[in-house]
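Examination of the molecular architecture
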Amino acid sequence: MTKRTNTQSPAPHAADSHDLIRVHGARENNLKDVSIEIPKRRLTVFTGVSGSGKSSLVFNTIAAESQRLINETYSSFVQGFMPTLARPEVDVLDGLTTVITVDQQRMGADPRSTVGTATDANAMLRILFSRLGKPHIGPPSAYSFNTASVRASGGITVERGSAKTKTVKATYNRTGGMCTHCEGRGKVSDIDLTQLYDDSKSIAEGAFTIPGWKSDNVWTVGIYAESGFLDPNKPIRRFTKKEMQDFLYREPTKVKVNGVNLTYEGLIPKIQKSFLSKDKEAMQPHIRAFVERAVTFTTCPECDGTRLSEGARSSKIKQISIADACAMEIRDLAEWIRGLEEPSVAPLLAALQRTLDSFVEIGLGYLALDRPAGTLSGGEAQRVKMIRHLGSSLTDVTYVFDEPTIGLHSHDIQRMNDLLLRLRDKGNTVLVVEHKPEAIAIADHVVDLGPGAGTGGGTVCFEGTVEGLRAGGTVTGRHLDDRATLKETVRKPTGALEIRGASANNLRDVDIDIPLGVLTVVTGVAGSGKSSLLHGSLPKQSVAADTGVVSIDQSPIRGSRRSNPATYTGLLDPIRKAFAKVNGVKPALFSANSEGACPTCNGAGVIYTDLAMMAGVATPCEDCEGKRFQASVLEYHLGGRDISEVLAMSVTEAEEFFGSGDAHTPAAHKILQRLADVGLGYLSLGQPLTTLSGGERQRLKLATHMSEKGGVYVLDEPTTGLHLADVEQLLGLLDRLVDAGKSVIVIEHHQAVMAHADWIIDLGPGAGHDGGRIVFEGTPADLVADRSTLTGEHLADYVGA
């Protein structure tokens, strides 16, 4: 009897039918009932102009809901320690998998955070040295600059049984690697007392010049005036030696001021705790300016900036200490680790080797493990976060990336593309928000949002393949193959800004004359020394104009949900004054953070209800109906509008409103013109900063700095977060600045900006110790004709030369 075989293919398994992520009715931020289906285990790119709703869909809807559902699998006790997430505004989200988000948020603002501590590399190195270092100085903590040495001894009471107690002598000893002089920071600070107070005045006369220290503030000025240790009516320069000691250095002491128990502390330790213990980049601009004036940071003389104690530096493996290892470029450190052969720590060496090789593979081999995390650019920080995912054995997860090509030279974008494709080929779903044509080109599926930004966006304009996008007629499709052309004639310089002997970071004694009165682009591969040249070596005063240099870097805008474009740009001040003048009342009434605030919601416009481990609920305030102001304040009008109606206007509407008629306010109109110039005409004046995209925040910052009087503008990758269609508008803005007599210097990788430049300075040829040299300077046409550098080759391909 012959055995029958079934030649029919088996019916598809039910589990295989879940191959789509379905989104229906998404309304987060400006999304307008968006419904899409995203294929799993494919690479999907989300495109659209800045502010069209890409991040709202990918991060605030898909990624946020996945994270919220994962958090719900933990017990309520554990959830109490986790951030509480609200369910996104969406009707149906189906087919979600675990989401791993790799965004552009800067890495830890803590000054103790380094590339090594932010990844696992430093922890593994500490274990390695604790096992193989000679002489042996202790456990891994002995090599940590974040761990101080502690010694203690004394009697402890031990209870045994119901009535037996015994006092036992005990000692405790923990060996840490922290340098005691700088407390593991690598730098020591010296405070300029003349920036803290005017010693010709008394405390009562307002001697303090510290931001926020007002005479009516009991916590700052009041405690010094009423403590009893000082005479508040005596000029500070006439203080006795004891008074000066108490004033500047007294240890924390309990005092009673106006019946309130407070702690008095000397001015120097108080300033150190208030300002120096925080990351400078996280401070408000006026506070940061004060710290830069008042405090000078110098390399610690005891540890020479390594942050480590003498004991930690003395322990070595093959003549290399842990400080030497962390100071090496990661690619060199990887080679050194490869040369260590010790069977007893073989698994550790293999894991460390994989981590370091991942750095090199992702194009960050030029970094060192002791590089402060706060100094990384947005693109570098994003790639550092990718390290832990490259060798992961996880599959069928969703990776979400926010413009992974930011800060990458055209030469490096292909490498990033390969990494994204490799993640996809392991069976993962990869969602990428992107503007670069080279990154869009590798997509399996494209979702184009728009057609405009803000209220003009939030709809899906196209869904399909890259070829379909090109033929689709959307804004992205039309601009996908745009190529800027080289200028036929370039502007002539009006002078030069001299940099001599620049040696910051990896620069090799660079001498360069940067032309003034033209648009200059500084380019080169990531890590070649561009930022070191301009931010680290450029003189603060321009030789052409005594108004100096205005530097606009990539540091993020920080703001609470109360912050909005009107408050950030200073626009609200002239608006409040105009309302106050017309109505004959105080300007403070027209601030939702001051006297005019609705008393029920304190000017927030919503009432927040805390639900412990569940997401808090925000409901519009019933008294002010979300308008944030008291009803009496809304009775005052300017040009027929109340303050809440003005804050609800778009920049374009407000520009027309304050430009003429009864509401004519030149100071406000000037700020609104700058916002419109950078392409933010669609933003509402009162829109919370927390709802703005990365590109919108960058341009908001640019508009704010344009008000500063400077002869030279230094911009750090202003095309970050900009759609192809917006780059043309940015080029027009740069041209207007130059035609107005300014000198504009731009650090940039975008080839449209390079082609539009009058002068190009190319650094390289490589990154880290392979860079730091000027490999070309001249016009874009000369660079294309020369083709002697990586930038020249890619620019020639771009313009079709």
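Bear in mind the structure is a predicted one, so any value in this text is a computation, not a measurement.

With that settled, consider the overall build of the protein. Across its full length, the protein carries 28 helices and 27 strands. Its C-alpha atoms give the protein a radius of gyration of 30 Å, near enough to 28 Å, the size a compact globule of 801 residues would have. Seen along its three principal axes, the alpha-carbon backbone of the protein occupies a region of about 100 × 80 × 65 Å. A fraction of 66% describes how many contacts in the protein between residues 6 or more apart in sequence connect residues 24 or more apart. Looking at the protein as shown, the accessible area adds up to about 37,300 Å², and 50% of this sits on carbon and sulfur atoms. The protein carries 86 positive and 95 negative side-chain charges, and their two centres are separated by 7 Å.

In this section: the confidence of the model for the protein. In this model, the protein carries an average pLDDT of 84, and 93% of its residues clear a pLDDT of 70 or more. Averaged pLDDT values over the elements of the protein bottom out at 67 in strand S23 (residues 614-620) and peak at 96 in strand S3 (residues 43-47). This model gives residues 541-546 a pLDDT under 50, and the stretch forms 12 contacts once residues within four places in sequence are excluded.

Pairing is mixed in the open sheet, where six strands are placed in the order S21-S24-S25-S20-S26-S27. Looking at which strands have only one partner, the edges of the open sheet turn out to be strand S21 (549-552) and strand S27 (773-778). Neighbouring strand axes in the sheet, compared pairwise and without regard to direction, differ in orientation by 15 degrees on average. By the bridge criterion, four bridges tie strand S20 (residues 519-523) to strand S25 (residues 743-747) in an arrangement that is parallel.

To continue, consider the packing of helix H4 (residues 121-132) against helix H12 (residues 346-361). Where H4 meets H12, the axes come as close as 10 Å, and the angle between the chain directions of the two elements is 150 degrees. It follows that H4 is roughly antiparallel to H12 by the angle criterion. Pair H4 / H12 crosses with left-handed handedness. Contact residues: Ala121, Met124, Leu125, Ile127 and Leu128 in H4; Leu348, Leu349, Ala351, Leu352 and Thr355 in H12. Residues that form the contact of H4 with H12 fall into these classes: nine nonpolar, one polar and no charged.

Our focus in this paragraph is the side chain of Glu65. On the secondary structure map, Glu65 appears in helix H1 (residues 54-71). Residue classification places Glu65 among the buried positions, given a relative accessible area of 4%.

Running from N to C, helix H11 (residues 330-338) and H12 point in directions that differ by 155 degrees, and their axes come no closer than 9 Å. In terms of axis orientation, H11 runs roughly antiparallel to H12. Considering how the two elements wind past one another, H11 and H12 form a crossing that is left-handed. The residues of H12 that touch H11, namely those facing Ile330, Arg331, Leu333, Ala334, Ile337 and Arg338, are Leu349, Leu352, Gln353, Leu356, Asp357, Phe359 and Val360. Residue composition of the contact of H11 with H12, grouped by class: nine nonpolar, one polar and three charged.

The tally for this structure, following the rule as stated, stands at 29 salt bridges. For Arg470, the salt bridge identified is with Asp481, shortest N-O distance 3.0 Å. A residue pair is termed long-range when its members are at least 10 positions apart, and Arg470 in helix H16 (residues 466-472) and Asp481 in the loop between helix H17 (475-479) and strand S18 (495-502) qualify at 11 residues. Assessed through its relative accessible area of 39%, Arg470 is described here as partly exposed. For the salt bridge of Asp739 with Arg491, the shortest nitrogen-to-oxygen distance reads 3.4 Å. Residue Asp739 is found in helix H25 (residues 724-739), and its partner Arg491 is found in the loop between H17 and S18; the two are separated by 248 residues along the sequence. Overlapping salt bridges, with partners in common, bring together Lys487, Arg491, Asp735, Asp739 and Asp758 in one network.

The topology assignment puts Arg500 in strand S18. Since its relative accessible area comes to 48%, Arg500 is described here as partly exposed. Once the C-alpha coordinates of Arg500 and Lys166 are considered, the two residues, 334 residues apart in sequence, prove to be 72 Å apart. A polar atom in the side chain of Arg500 sits 3.3 Å from the backbone oxygen of Ile512.

Next up on the list: empty space enclosed by the protein. The full count for this structure, using the stated rule, is five cavities of 30 Å³ or more. Volume-wise, the largest cavity comes out at about 140 Å³. Contributing to the lining of the largest cavity are 19 residues, with Glu403, Lys436, Thr719, Thr720 and His750 lying nearest its centre. Of the residues that constitute the lining of the largest cavity, the class distribution is five nonpolar, nine polar and five charged.

Calculation criteria
Residues numbered from 1 in each chain as written. Predicted model: local features only at pLDDT ≥ 70, side-chain atom pairs only at ≥ 80, totals over all residues. Heavy atoms only, no water. Helix = DSSP H or I, 4+ residues; strand = E, 2+ residues; numbered from the N terminus. Rg over C-alpha atoms; globule rule 2.2 N^0.38 Å. Contact = heavy atoms within 4.5 Å. Areas by Shrake-Rupley, 256 points an atom, 1.4 Å probe, with all protein chains shown as cover. Lys, Arg positive; Asp, Glu negative; His and termini not counted. Charge placed at Lys NZ, Arg CZ, Asp CG, Glu CD. pLDDT = per-residue confidence, 0-100. Pairing = 2+ DSSP bridges. Axes fitted to C-alpha atoms, helices over the stretch in contact; angles between N-to-C directions. Parallel < 35°, antiparallel > 145°, perpendicular 65-115°, else oblique. Left-handed = near helix turned anticlockwise from the far one by under 90°. Nonpolar A, V, L, I, M, F, W, Y, C, P; charged D, E, K, R; others polar. Buried < 20%, exposed > 50% of the residue type's maximum accessible area, 1.4 Å probe, protein only. Salt bridge = Lys/Arg side-chain N within 4 Å of Asp/Glu carboxyl O. Polar contact = N/O pair within 3.5 Å; in protein donor to acceptor, adjacent residues only side chain to side chain. 1 Å grid on protein atoms, 1.4 Å probe; cavity = no way out; pocket = protein on both sides within 12 Å on 5 of 7 lines; lining within 4 Å. Points joined across faces, edges and corners; volume = space filled by probe spheres on them.

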